[in-house]
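So the chains spell out like this:
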Amino acid sequence: MRHPRRAKRTPESRGIVARRFWGAHNVIRSDVLIIGGGVIGLMSGWLLARAGVAATVIDSGMPAATDAAAGMLAPSFEGSLQQGAALAEFSRKSLGRWPALAAALYERSGVDCDFQKGVLSVAFDEGEAAAFEKDHDGGLLLRREEVLALEPALSPRVLGGRFAADDGQVDPRLVRVALARALLNDGGRLLRGKKIVAVHAGENGPARVSTEGGETIEAGHVVIATGARLDGLTRLPPGAVFPVKGEALALGRVAGSPMRVVRTGRAYLCPKADGRVVVGATEIEGDWSLTTDAARIDALRKGACAAFSALSAAPEISRWAGIRPSTRDGAPIIGGAAEAERVIFALGHYRNGVLLAPATADAVVGAVTGEGADPLIAAFSAARFNELGVS
Ligand code: GLY
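Parameters and conventions
- Residues numbered from 1 in each chain as written.
- Predicted model: local features only at pLDDT ≥ 70, side-chain atom pairs only at ≥ 80, totals over all residues.
- Heavy atoms only, no water.
- Helix = DSSP H or I, 4+ residues; strand = E, 2+ residues; numbered from the N terminus.
- Rg over C-alpha atoms; globule rule 2.2 N^0.38 Å.
- Contact = heavy atoms within 4.5 Å.
- Areas by Shrake-Rupley, 256 points an atom, 1.4 Å probe, with all protein chains shown as cover.
- Near = heavy atom within 4 Å.
- Polar contact = N/O pair within 3.5 Å; in protein donor to acceptor, adjacent residues only side chain to side chain.
- Nonpolar A, V, L, I, M, F, W, Y, C, P; charged D, E, K, R; others polar.
- Buried < 20%, exposed > 50% of the residue type's maximum accessible area, 1.4 Å probe, protein only.
- pLDDT = per-residue confidence, 0-100.
- Salt bridge = Lys/Arg side-chain N within 4 Å of Asp/Glu carboxyl O.
- Core = buried A, V, L, I, M, F, W, Y, C linked by side-chain atoms within 4.5 Å.
- Expected span 1.5 Å × (residues − 1).
- Pairing = 2+ DSSP bridges.

This part is about the overall build of the protein. Within the protein, the regular secondary structure consists of nine helices and 18 strands. Taking 21 Å as the expected radius of gyration for a compact globule of 391 residues, we find that the protein reaches 21 Å, a close match to that expectation. Counting only C-alpha atoms and orienting by the principal axes, one finds that the protein spans roughly 65 × 50 × 35 Å. Across the protein, every contact between residues at least 6 apart in sequence was considered, and the portion connecting residues at least 24 apart equals 74%. For the protein, the computed accessible surface area is about 16,000 Å², with 52% contributed by carbon and sulfur atoms.

Structure representation (structure tokens):
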């Protein structure tokens, strides 16, 4: 069944400059131009298109952090999400959007993005058990027997755990494919392989961006969703966003593999519907390279096997690295740029881009249409970096 569409309002009523995609003289025009074809950019483009806004997503073709992510939707267990009340609430809100969005994505794209519910976090020593009190926010505390009833193949050395029934996972690569198709099916545009080299957004007239190939694109709003790669497109202070490389591997499922997302102190394990068990992840600050280190991957694999010994016999399918876009306080940057009101930031999601994509995209839609603006995003304003003294 198609989703009921909202009544369309006139472009003028939304202050949108051009209700079309292609203008004269080969100047491309769009209501909203989103720079960045990862989960944040595509989700924003898709939700804008569903709201009746002409949205164009530009994907440079550079590796997207989304494709490297394991796809956990686990606010209960991500310590970085619990550092501020606004981020914790924003995370919960975004998690709550995923079940319906996954269903709508399937309907509009025909791609099942492997949405699964339930995340189990387990402790193998007293230190890990203590971390439940410190870092975890939510989930049902379980005794050893209860943990083993959920995951019988888990090492009997387990002391206990926490189970969050509403946390979950998706397959981020499938999400990206689904979003690209849904965007097109709902009337949006996707331009691949174009690198944006400049954004001009003065007070009057539309914003203009230039591609490396010399094209100009005009838009009512420009959304910057480029992850860690700012490439001189913003006036954010240097150091406000920085890379944190993550390495991961995928094992082939064998009998005795986890049945759901399981997090231990040494690794997390995410069993996918396609038969892979994704094991992650390292954290290397400041490293832009996409190479993997054999010793670090080996440590992840050992961590996975310590939890599920059957995985010792599992074939390795692939290993990879990706770049998380982090910020100095671990929270994303979302909302209008102080220096240019037609520019909207949607970046810096660090470890949780997939989880936070729905709420971020909702905020982008709110910023463009002026409807349903989320007061929580005041906490994610770029202005805070000056207050933090980042320069
Ligand atoms: N969200 C898990 C990670 O970034 O490794």
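The next thing to look at is the site of the ligand. In the region of the ligand, the neighbouring residues are M72, E78, Y268, A281, R324 and R351. One of the side-chain N or O atoms of E78 is found 3.5 Å from a nitrogen atom in the ligand. Here an oxygen atom of the ligand and a side-chain polar atom of R324 are 2.7 Å apart. Starting from 200 Å² of accessible surface for the ligand in isolation, the protein chains cover 89%. Taken together, the residues that form the shell around the ligand break down as three nonpolar, no polar and three charged.

Looking along the chain, the bond that leaves G280 and enters A281 is cis, with omega of -20°. Mapped onto the secondary structure, A281 falls in the loop between β14 (276–280) and β15 (284–285). Even without being glycine, D231 reaches a positive phi, approximately 45°. Among the secondary structure elements, D231 is positioned in the loop between β10 (216–224) and β11 (241–252). The class of D231 is partly exposed, set by a relative accessible area of 44%.

As a further point, take the confidence of the model for the protein. A residue-level look at the protein finds 91% of positions with pLDDT of 70 or above and a mean pLDDT of 90. Counting interchain partners and residues more than four positions distant, the pLDDT-below-50 stretch residues 1–20 has 41 contacts.

Enumeration over the complete set of coordinates arrives at 25 salt bridges. Between R108 and D186 there is a salt bridge, with its nearest N and O atoms 2.9 Å apart. Taken together, the positions of R108 in helix α3 (residues 85–109) and D186 in the loop between α6 (172–185) and β7 (189–192) put the pair 78 residues apart, joining distant regions of the chain. Residue R384 pairs with D329 through a salt bridge whose shortest N-O separation is 2.6 Å. Highlighted residues: R384 in helix α9 (residues 384–387) and D329 in the loop between β16 (316–327) and β17 (333–337), separated in sequence by 55 residues. Salt bridges sharing common partners tie together E78, R263, E283, R324 and R351.

Okay, the nonpolar core next. In this structure, I34, M43, W46, L48, F90, W98 and L179 are the most contacted members of the largest nonpolar core, which totals 53 residues. It is helix α8 (residues 353–369) that contributes the most residues to this core, 10 residues altogether. Look past the residues within four positions of L48 in its chain and what remains in contact with it is V32, I34, V53, A55, V364, V365 and V368. Counting 25 residues, the second-largest nonpolar core is a separate cluster that includes A201, I333, A340 and A382.

In this section: α6. Think of an α-helix as 3.6 residues a turn; residues three or four steps apart then line up on the same face. Across its 14 residues, α6 extends 20 Å between first and last C-alpha, which sits within 8% of the 20 Å expected from 1.5 Å per residue. Of the surrounding elements, those touching the buried residues of α6 are α1 (39–50), β2 (55–59), α2 (65–68), α3, β7 and α8.

Right, let's get into the pairing of strand β4 (residues 116–123). In terms of burial, β4 is a largely internal element, seven of the eight residues being buried. Two strands pair when backbone bridges link them, and β4 and strand β6 (residues 160–169) are joined in this way by seven bridges, in the antiparallel orientation. Residue pairing for β6: K117 is matched across the bridge by G168. Note that β4 and strand β12 (residues 261–263) share three bridges and pair parallel. Bridging from a neighbouring strand, S121 pairs with R263 of β12.

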